[in-house]
Amino acid sequence: MKIHHKRGFVRGVVFLTLGITVLLDIWAKGYHTRFGLVATLMFLLAAMDITRSFSKVSALEDSLADTDERDQYIIMRTARMALNILQSLNLGLTLLLMVLYSLTNSPMFLGAFILAAGYTVLSFIIILAANLYYEKHE
Amino acid sequence: MIKNRVKEYRQQHRLTQQEVADMVGVSSRTIISLEKGQYNPSLMLAYRLALLFHTSVEDLYCLAENKQAEDHINENSP
């Protein structure tokens, strides 16, 4: 049997591993309904992905979904819009937390402000690094 | 978005959208969007479509007309 869609196969193996991990957890700590449901779901997803990865027709459908240019274009635009929205929300939240801390002097707001500001700085650095990479390589 | 003759050529060749999609290696959703003028294809996709319909990219995508329309818009914009 030949693997026609490697990414799907790897995804299936990951789900299988997760399912086995949940089963081991059940064996070690006793059965809980929610863990049983999670393990069942993991095994079903693993079976679906692994089966599809061996099927030539399914693999072709899946790879087309990965390579169709319009889909990739939409994914790019969606990601860009989502990133802009997240950055705006985070900046607004950072400013709000700063104001709340200055008004209340609560350590909770200080901690939250530091986290939010740290995320803002980190996302800026990552965007800058990605931009430099693509400027150089495209 | 630019005007094109993809649907016209597809119907002339009696092909379905799915058949065209399979021949040029994209999804049928992409062909539907192309025909409606909602999506501009990459250069390679436009070229593959032109080869499929035995025509040129310039003819398939009415490049002369679209260029005139664009020039007209640019002249009239402030």
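Parameters and conventions
Residues numbered from 1 in each chain as written. Chains lettered and ligands numbered in written order. Predicted model: local features only at pLDDT ≥ 70, side-chain atom pairs only at ≥ 80, totals over all residues. Heavy atoms only, no water. 1 Å grid on protein atoms, 1.4 Å probe; cavity = no way out; pocket = protein on both sides within 12 Å on 5 of 7 lines; lining within 4 Å. Points joined across faces, edges and corners; volume = space filled by probe spheres on them. Helix = DSSP H or I, 4+ residues; strand = E, 2+ residues; numbered from the N terminus. Nonpolar A, V, L, I, M, F, W, Y, C, P; charged D, E, K, R; others polar. pLDDT = per-residue confidence, 0-100. Core = buried A, V, L, I, M, F, W, Y, C linked by side-chain atoms within 4.5 Å. Buried < 20%, exposed > 50% of the residue type's maximum accessible area, 1.4 Å probe, protein only. Contact = heavy atoms within 4.5 Å. Lys, Arg positive; Asp, Glu negative; His and termini not counted. Salt bridge = Lys/Arg side-chain N within 4 Å of Asp/Glu carboxyl O. Polar contact = N/O pair within 3.5 Å; in protein donor to acceptor, adjacent residues only side chain to side chain. Buried area = accessible area lost by both parts, 1.4 Å probe. Arc of directions from axis to C-beta.

(A) Quick look at the layout of surface pockets. Residue and element names in this part refer to chain A. In this structure, the largest pocket encloses a volume near 230 Å³. Forming the walls of the largest pocket are Arg80, Leu83, Asn84, Gln87, Ile127, Ala130, Asn131 and Tyr134. Those elements that provide at least two residues to the lining of the largest pocket are α4 (69–104) and α5 (107–137). Tallied by class, the residues present in the lining of the largest pocket amount to 4 nonpolar, 3 polar and 1 charged.

(B) Here's a closer look at the confidence of the model for chain B. Of the residues in chain B, 97% reach a pLDDT of 70 or more, and the chain-wide mean stands at 91. Interface confidence for the predicted complex, expressed as ipTM, amounts to 0.77; the pTM equals 0.63.

(C) Structural context of the nonpolar core. Residue and element names in this part refer to chain B. Membership of the largest hydrophobic core comes to 17 residues, with the highest contact counts inside it found for Ile31, Leu34, Leu49, Phe53, Leu60 and Tyr61. Looking at this core element by element, the count peaks at 4 residues for helix α4 (residues 43–52). When residues no more than four places from it in sequence are discounted, the contact partners of Tyr61 are Ile2, Lys3, Asn4, Val6, Leu34, Pro41, Ala46, Leu49 and Asn66.

(D) How the structure looks around the environment of Tyr47(B). Residue and element names in this part refer to chain B. Mapped onto the elements of the fold, Tyr47 is located in helix α4. Taking the relative accessible area as the measure of exposure, Tyr47 reaches 43% and is therefore partly exposed. Note: C-alpha distance between Tyr47 and Glu58 (11 residues apart in sequence) is 9.7 Å.

(E) The arrangement of the side chain of Arg70(A) in detail. Among the secondary structure elements, Arg70(A) is positioned in helix α4. In this structure Arg70(A) is buried but unpaired, with Asp71(A) as the nearest side chain of opposite charge at 4.2 Å. One polar contact links Arg70(A) to Ser33(B), side chain to side chain, over a distance of 2.8 Å. Sequence-distant contacts of Arg70(A), defined by excluding residues within four places in its chain, comprise Arg29(B), Thr30(B), Ser33(B) and Tyr39(B).

(F) Geometry of the interface of chain A and chain B. Every contact between the two is made by 6 residues of chain A and, on the other side, 10 residues of chain B. Taken together, the two surfaces of chain A and chain B that pack against each other cover about 710 Å², and 43% of this comes from carbon and sulfur. Scanning the region where chain A abuts chain B turns up 1 salt bridge. For Asp71(A), the salt bridge is made with Arg29(B), and the minimal N-O distance between the two is 2.7 Å. Across the chain A-chain B interface, the total number found is 6 residue pairs in polar contact (both at pLDDT 80 or more).

(G) Looking closely at α4(B). Buried within α4(B) we find Leu45(B), Ala46(B), Leu49(B) and Ala50(B). The buried residues of α4(B) occupy an angular sector of 140° when the element is viewed end-on, so they sit on one face. Each element contacted by the buried residues of α4(B) is listed here: α4 of chain A together with α2 (17–24), α3 (28–36) and α5 (57–60) of chain B. Immediately beyond the C-terminal end of α4(B), within one or two residues, lies His54(B), with a positive phi of roughly 55°.

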